[in-house]
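Here's the letter readout for the chains.
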Amino acid sequence: MRVVAGRLGGRRLRAPRGRDTRPTSDRVREALFSMLGSLEGARVLDLFAGSGALAIEALSRGAAMATLVERDARAIEVIRANLAALELGEDEARVVHAPARVALGDASARGDAYDLVLLDPPYRDASALGRELSQALPAVLAPDARVVAESDRRSPLELELPVVRERRYGDTLIRIHTHGT
């Protein structure tokens, strides 16, 4: 696995061992970030960070900062190792070891607002998370924010936000949602 493009393009990334984390393929990441276009200065929230590849790709492509949220301790170690290897400091990448629900509540309480939210939950959990995420996300979305949801096409992550783009890559479904002003 590698960073696809931007200032860190071509650099290798580690992925957590085992079956609990399923990193987004280079091909899907490349297509996704092509759809998103410019990320210059964006504040990014990667809510199910896994290896950190999605947030790192956003930073490589011009995002100002990213918050990477992950509940699995082994994945947190890999995220920290990837960030250190790429020399991404806490001013650019903040790591939060917590469940998504807790991290969203804390971000809302602090008044944090994100321009781009990346959601790539475990495929087996995606269909059950739609309502919970739909209720919690608006509190942390900046005006005109975009929310990217990656899930299995047979069990999609259904969010109560307008869908502006949808693409399938094999069994992977990518939906880009918006949050208007």
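Above this text is the structure in question.
Residues numbered from 1 in each chain as written. Predicted model: local features only at pLDDT ≥ 70, side-chain atom pairs only at ≥ 80, totals over all residues. Heavy atoms only, no water.

1. Notes on the overall build of the chain
Quick note on the threshold: Counting from the N terminus, the helices are DSSP H or I runs at least four residues long and the strands are E runs at least two residues long. Radius of gyration means the value over C-alpha atoms here, while the globule rule gives 2.2 Å times the residue count to the 0.38 power. Burial classes follow relative accessibility: with a 1.4 Å probe on protein chains only, a residue under 20% of its type's maximum area counts as buried, one over 50% as exposed, and anything between as partly exposed. Any two residues having at least one pair of non-hydrogen atoms within 4.5 Å are treated as being in contact. Per-residue accessibility takes into account occlusion by the displayed protein chains alone, with areas from the Shrake-Rupley method and a 1.4 Å probe. By the counting rule applied here, Lys and Arg register as positive and Asp and Glu as negative, while His and the ends of each chain are not counted. All charge positions are set by atom: Lys at NZ, Arg at CZ, Asp at CG, Glu at CD.
When you go through the chain residue by residue, the secondary structure sums to five helices and seven strands. Along the chain, from the amino end to the carboxyl end, the secondary structure elements read α-β-α-β-α-β-α-β-α-β-β-β. Over its C-alpha atoms the chain spans a radius of gyration of 15 Å, differing by no more than 12% from the 16 Å that the globule rule assigns to 181 residues. The principal-axis extent of the C-alpha atoms belonging to the chain is close to 35 × 35 × 30 Å. Here the chain holds 181 residues, and the buried ones make up 52% of them. When contacts within the chain are restricted to residue pairs at least 6 apart in sequence, long-range pairs at least 24 apart make up 67% of them. By element, 45% of the accessible surface of the chain is carried by carbon and sulfur atoms, the whole surface being about 8,600 Å². The chain carries 27 positive and 26 negative side-chain charges, and their two centres are separated by 5 Å.

2. A few points about the pattern of salt bridges
For the record, the criterion: What counts as a salt bridge is simple: a side-chain nitrogen of Lys or Arg found within 4 Å of a carboxyl oxygen of Asp or Glu.
One pass over the full model with this rule turns up 13 salt bridges. When the shortest N-O distance is used, the salt bridge between Glu92 and Arg7 registers 2.3 Å. Taken together, the residues span a long stretch of sequence, with Glu92 in the loop between helix 3 (73-85) and strand 3 (93-97) and Arg7 in the segment before helix 1 (26-36) at a distance of 85 residues. Measuring nitrogen to oxygen at the nearest pair gives 2.8 Å for the salt bridge that ties Asp112 to Arg110. The exposure class assigned to Asp112 is partly exposed, which follows from its relative accessible area of 22%.

3. Structural notes on the side chain of Asn82
Along the chain, the position of Asn82 falls in helix 3. Ignoring sequence-local partners within four residues, the contact set of Asn82 consists of Leu13, Arg14, Ser51 and Ile56.

Note that every value here comes from positions in space, so none of it alone points to a role or purpose.
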